[in-house]
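Fold and contact review
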Amino acid sequence: MSEIRLDRIHNRYVLIAPERLHRPSLGHHFTKNRASSTCPFCEGNEALTPKEVFAIRDNEANSPFWKTRVVPNLFKAVQIELEDISKRDGIFESIPGVGAHEILIDSPSHDTDISKFDKESIENWLRTIIIRADDLKNDKRLISLCIFKNYGHNAGATQEHPHTQLLALPIIPRSELVFLERNINYYHRHGRGIVEDTVYNEKMAKTRVIDEKGSFIAFCPYASSFPFEVMIAPTKGIASLSQCTRKNIADLALLIRSVFEMLNAQLGIFDYNLFFQTSPLNTNFQTEKYMHNIDKSYTFTLRITPRIFRLGGFEISTGMAINSIVPEACAKLLRGD
Ligand SMILES: [Zn+2]
């Protein structure tokens, strides 16, 4: 059974999920681009997954001919059925790992990746995320939503079929809670959130901006943790993907397409993590003081962090990244200047 334990020394939560040790191909390297008749995410193998919770399709559920498909994760880090009761044993404190862990299968095809998707496939992917986020939000126990992709061995992926993970938790991860606190203070002082102001300043500075489509901008952040890290954000604050209009989604899909074209041109096939930072799903004792102005203070972002080098002891012990390539140089290369 999984548990969320409090690390008192660092005042942060750790998700203890022993079931995840049984994941397929853990510890093995990928053989890139080889589909398998046993891959549970391939079209035609729908019977190998738990029943789908959502799919973009015109036909019967759990059959072939779909564009995106969402299934509960068999090797889930958290489970929705558990009671939400915290446990204490002296100094040690934990909450059962209540939550939802879903797999969004990005494509019926094994030999592809979002970095190769066309605009329409990216729009379908974004729409699927929004539909699931809106549904998970209905469970008021779920407070935060982590949406991420691991692509390639260096990025921690254990399944090579293109997929995205949605992890909804009954707590706010410590780093996000610290961000919410700083962000609300910043908003009260300046009338804008930290991300909105950062985006505005990156747009003015121009040197790290790599592209812009409609109301979305892509740049290599001033203090990037990884070489060729790219942040994508709306230029006018939008707190979550769910608040995007149809036009917003079309612009965002076009920009994601363009960013991957630039990254592919510089890096070829590369391992990466991709993740959204988005406003809390629901209010609890941790989030209530931030929710009042959330639509004005919060701006969602999407980050793509290529994993060219592995993390070492310095990063793990200090939580401080070492980035060996200047973000301005990365932006210049990506723009093709
Ligand atoms: Zn597959």
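Before reading on, note that the structure itself is shown above.
Per chain, residue numbering runs from 1 following the sequence as it is written. Local features are withheld for residues below a pLDDT of 70 in this predicted model, meaning they are given only at 70 or higher, and side-chain atom pairs are given and counted only at 80 or more; totals for whole chains, interfaces and linings count all residues. The basis for the side-chain values is all heavy atoms of the structure; hydrogens and waters are excluded.

1. Describing the overall build of the chain
Each helix and strand counted, the chain has eight helices and 14 strands in total. Think of it in three bands: residues with accessible area under 20% of the maximum for their type are buried, residues over 50% are exposed, and the middle band is partly exposed, with areas taken using a 1.4 Å probe on protein chains only. Sorting the 337 residues of the chain into buried and exposed places 51% on the buried side. Should any heavy atoms of two residues lie within 4.5 Å, those residues are considered in contact. A separation of at least 24 residues holds for 69% of the contacts in the chain among residues at least 6 apart in sequence. Note that accessible areas follow from Shrake-Rupley with a 1.4 Å probe, and for residues the cover is restricted to the protein chains shown. Of the roughly 16,400 Å² that the chain leaves accessible, carbon and sulfur atoms contribute 55%. Secondary structure follows DSSP: runs of H or I at least 4 residues long count as helices, runs of E at least 2 residues long count as strands, and numbering of each begins at the N terminus.

2. Concerning the packing of aromatic side chains
Side-chain rings of Phe, Tyr and Trp, where Trp is taken by its six-membered ring, are said to pair if the distance between their centres is within 6.5 Å; with planes under 30 degrees apart they count as stacked, over 60 as edge-to-face, and otherwise as tilted. Under the definition given, this model contains six aromatic pairs. Ring centres of Phe260 and Tyr272 lie 5.4 Å apart, and the angle between their planes is 55°; on these two criteria the pair is classed as tilted. Of this pair, Phe260 sits in helix α4 (residues 246-267) while Tyr272 sits in strand β13 (residues 272-277), and the two are 12 residues apart along the sequence. Using a relative accessible area of 0% as the deciding quantity, one classes Phe260 as buried. An aromatic cluster of at least three residues, connected via ring pairs, comprises Tyr151, Phe260, Phe270 and Tyr272.

3. Considering the coordination of the zinc ion
Ideal donor angles around a metal are set by the shape: a four-donor tetrahedron calls for 109.5 degrees, a six-donor octahedron for 90 or 180 degrees. Note that water is not among the atoms used; donors are N, O and S atoms within 2.8 Å of the metal (3.2 Å for Na, K and Ca), so sites may look incomplete. For the zinc ion, the full set of protein donor atoms is Cys39 (SG), Cys42 (SG), His110 (ND1) and His161 (ND1), at a range of 2.0 to 2.3 Å. Irregular is the label for any site that misses the other tests, which are tetrahedral for four donors with all angles between 85 and 135 degrees, and square planar for four donors or octahedral for six when opposite donors exceed 155 degrees and the remaining angles lie between 65 and 115. Angles of 104 to 115° at the metal separate the four donor atoms of the zinc ion, which places the site in the tetrahedral class. Sequence positions of the donors to the zinc ion reduce to the motif C-x2-C-x67-H-x50-H. You can see Cys42 sitting in the loop between β2 (12-16) and β3 (54-56) and its partner His110 sitting in the loop between β7 (100-105) and α1 (119-136), a full 68 residues away along the chain. Classification of Cys42 as buried rests on a relative accessible area of 9%.

4. With respect to the nonpolar core
Put simply, buried Ala, Val, Leu, Ile, Met, Phe, Trp, Tyr and Cys residues joined by side-chain atoms within 4.5 Å make one nonpolar core. Counting residues in each nonpolar core, the largest one holds 50 residues, and the members touching the most others are Trp125, Leu126, Ile232, Leu241 and Phe276. When residues in this core are grouped by element, the largest group, nine residues, is from α4. Aside from chain neighbours lying at most four places away, what touches Phe276 is Trp125, Leu126, Ile129, Ile147, Leu241, Phe300, Thr301 and Leu302. Counting 21 residues, the second-largest nonpolar core is a separate cluster that includes Val199, Ala233, Tyr290 and Ile294.

5. Observations concerning helix α8 (residues 327-335)
Those residues of α8 lying buried are Pro327, Cys330, Ala331 and Leu334. The buried side chains of α8 occupy one side of the element, clustering within an arc of 100° when seen end-on. Taken from the residues just after α8, Gly336 is the one with a positive phi, measuring 75°. What the arc covers is the set of directions going from the helix axis to the C-beta atoms.

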